[in-house]
Amino acid sequence: MDTHRSLPSSTVNQGLPTPEYIFRSIDEVAKRLKPEAPVQCVFPQSVRSQAEKFISLFPGKVLYAVKCNPGPDMLRHMYAAGIRHFDVASLEEARLVKGLFKDAKLHFMHPVKSRESIRRAYRMGIRDFSLDSAAELMKLMEETKSARDLRLFIRVAVAGNAAAYDLSGKFGAAPSTAADLLRHARKVAAKVGLCFHVGSQCMEPAAYAGAIGRAWDIVTKAKVKLDILDVGGGFPATYPGMTPPPLEQFVDAIKTAAQPFVEQGVELWCEPGRAMVAAAGAMLVRVTLRKGRRLYLNDGTYGSLFDAGALGWRFPVRLVRPLKGGRGNTHKDAGGKAPSEKLVPFMFYGPTCDNLDKMKGPFLLPEDTQEGDWIEIGMLGAYGSTMQTRFNGFHSESVATVWPEAVPFAFERPRKKATVLPTAPEAVVQAVSALRRAGKAKAAPTQPQMAMATPEPEPASPNLNAAGDGSTPPLSAK
Ligand SMILES: Cc1ncc(COP(=O)(O)O)c(C=O)c1O
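Quick caveat: nothing in here was measured; it's all calculated off a predicted structure.

A. A look at the overall build of the protein chain. Helix and strand counts for the protein chain stand at 14 helices and 18 strands. Burial statistics for the protein chain: of 478 residues in total, 50% are counted as buried. The long-range share in the protein chain, meaning contacts at least 24 apart out of those at least 6 apart in sequence, stands at 74%.

Below, the structure written as C-alpha cells:
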C-alpha cells in the first residue's frame, strides 16, 4: 500500500509541521491547515476501488484517461490498484505518466496532434495513435518515417445525446470516411482499431451498443480485419440529480453488442476518466464574504468549479466548521459555533472579477453559513482542479490525502514544532513492512514519511447535501 503523501510547498506556509501528511477527514484538513486557498482532497480508497472494479468487470484493457485528473497522487493510487495503461492527450501528460511509472503503457488517443508531439511521442516509445482524418494519417506517417510498428485507431463519430457532455461536435469520422481511413490504416499499420466517445457522463448503456453497432457497419464496409475496438470513456458518476445505472449494466451492454467482434478475435479496450475518479476528490473551499444568500468563495468557474458555473451542475456540499475546544486549531473566524441545523439554498460566486464567475446551484447549506467557514464540495475528482486557470491570479495546487483507512499505521500525535522528519517514524515503517509482507501493500514510490493527525476520533462527516432534489450522491468525504 502506498502510504506516501506529499503536499506542495504552498501548504508548508499554512502551518503544516511537515510536507508529508495524511488526513483522516476533511474536517481535519480544515482544522490543521486553515487553508486560505482551495485544497483538493483526494480519497485513495475511492480511486483504488473504482480502478479495481473497472479491471475486474471490463472484458479487456482498461486505460485511464489522464486528462480527467492528472494529479500524481491519483495516478499513483491507480497504479497501485493495477492500472498500467494510460490514455494521454498531450506530450505533457505522456511525460508526467512516464516520469512516475517506467512500465506504464501510453496511448496517444487525441485525434489531432502537433507534428512535434507525434515525433516526440514516437521517440518515447508510444505506438498507439488515434486519428479521424486523412491529413492526420499523413502526419503520423511522415513524422514516424512510415514506421511499420504503429497501432492506429480511427475515431468514429457517434451520437452524444445520451451524455451530459456531448463530445460529438469536434472529433470523429463519418462512417464512409472511417471505412476509407480504416482501409488505408490497415495497409500501413501493424494493428488497426476503431475508437469512439459516446460523450462524457453518458447515462444510457444503450449508447455504447449503438456506437458498437456503427463500428460493426464500418468494419463490414471496409472489409478489413480489425484488431482492437476501443469503446472510449463516458462512463458516468453519480451527481445530485443524475443517478446513472450501475457500471455493470454498461459493461453488459458493451459485452453483448461487442460479441460479434470478440468472436472474430478483436480485443476490447475502454478509456474511463470521470467514473474512475469523480468520487475520489472534493474541494475544500472557503467563504470570503456573504451577501444574503450569495456566498463569495475562493474557488469558482475559472477554478475547480467550471461544471458548476458553465453547466449549472449542483455538486454536493457540506459546511466544514471545526469547533473550538478540539485539539489542534480552532475556528475563531466563524465563532466556533455549531452550524445551524436548518439548511437553506445559496448561490456561489467565484473569486475573479468576471460576471460569469458564478454558480447558481442552489447549494443547500446551514442558514448561518458565514465568512470564514469552509465548504466541502464533493464529486470533484473528475474535471475539477484540473480545469483551473490562473485568471485574476487565483490558482491553487494544494492537495491533501484523506485516508481514514490508513489510520492504524499512518498517524501519530502532532508535533509541537514544525519539523520535517528525516526518516519515517519507526512504527510507520514497521507497519508498512508488515502490510507488504502480508501482500496487501504495493511498493511505495518513495519512503513513507508522514505525520501526524490528532489522535482522537473525528466525527464521521454527515452526508454531503445534494441541493434541491434530496437525492444524495455517494459520500466522498469521511
Ligand atoms: C479520447 C478520450 N478518451 C477518454 C476520455 C474520458 O472520458 P470520460 O471522462 O467521460 O470517461 C476523454 C474525455 O474527453 C477523451 O477525449
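B. Representation of the pairing of strand 15 (residues 343-349) within the structure. When strand 13 (residues 294-297) meets strand 15, the two strands line up parallel, connected through three bridges. The residue bridging Tyr296 from the neighbouring strand is Tyr349, located in strand 15. Note that strand 15 and strand 16 (residues 358-366) share six bridges and pair antiparallel. Note that in strand 16 the partner of Leu343 across the bridge is Pro366.

C. Layout of the nonpolar core. One finds Val29, Ile154, Val156, Tyr208 and Leu284 to be the most contacted residues of the largest nonpolar core, which totals 126 residues. Sorting elements by how many residues they give to this core places helix 9 (residues 205-222) first, with eight residues. Both domains that furnish three or more residues to this core are identified here as domain 1 (26-43 + 278-399) and domain 2 (44-277). Sequence-distant contacts of Leu284, that is, excluding residues within four places in its chain, are made with Ile26, Val29, Ala30, Pro35, Pro38, Val39, Cys41, Val320, Trp374 and Glu376.

D. How the structure looks around the sheet that holds strand 10 (residues 228-230). A barrel is described by the order of its strands in space; here eight strands give the closed sequence 2-3-4-5-6-8-10-11, paired in parallel fashion. Between one strand axis and the next, the sheet turns through 25° on average, direction left out of account. Bridging between strand 6 (residues 151-155) and strand 8 (residues 191-195) involves five bridges; their strand directions are parallel. Across the sheet, Ile154 pairs through a bridge with Leu194, a residue of strand 8. On top of the sheet, helix 8 (residues 175-188) reaches strand 5 (128-131), strand 6 and strand 8; it is set at about 175° to strand 6, its chief contact.

E. Spotlight on unusual backbone geometry. The amide bond that connects Gly361 to the next residue, Pro362, takes the cis arrangement and shows omega of 5°. Even without glycine at this site, Lys34 takes up a positive phi of about 40°. Here the phi dihedral of Ser146 falls at roughly 50°; this positive angle occurs in a residue that is not glycine. Looking at the secondary structure, you find Ser146 in the loop between helix 7 (134-143) and strand 6.

Parameters and conventions
Residues numbered from 1 in each chain as written. Predicted model: local features only at pLDDT ≥ 70, side-chain atom pairs only at ≥ 80, totals over all residues. Helix = DSSP H or I, 4+ residues; strand = E, 2+ residues; numbered from the N terminus. Buried ≥ 20, exposed ≤ 12 C-beta atoms within 10 Å, placed from the backbone. Contact = placed C-beta atoms within 7 Å. Pairing = 2+ DSSP bridges. Core = buried A, V, L, I, M, F, W, Y, C linked by C-beta atoms within 7 Å. Domains from an automatic or database assignment. Axes fitted to C-alpha atoms, helices over the stretch in contact; angles between N-to-C directions.

Any functional reading would require information beyond the geometric quantities listed.
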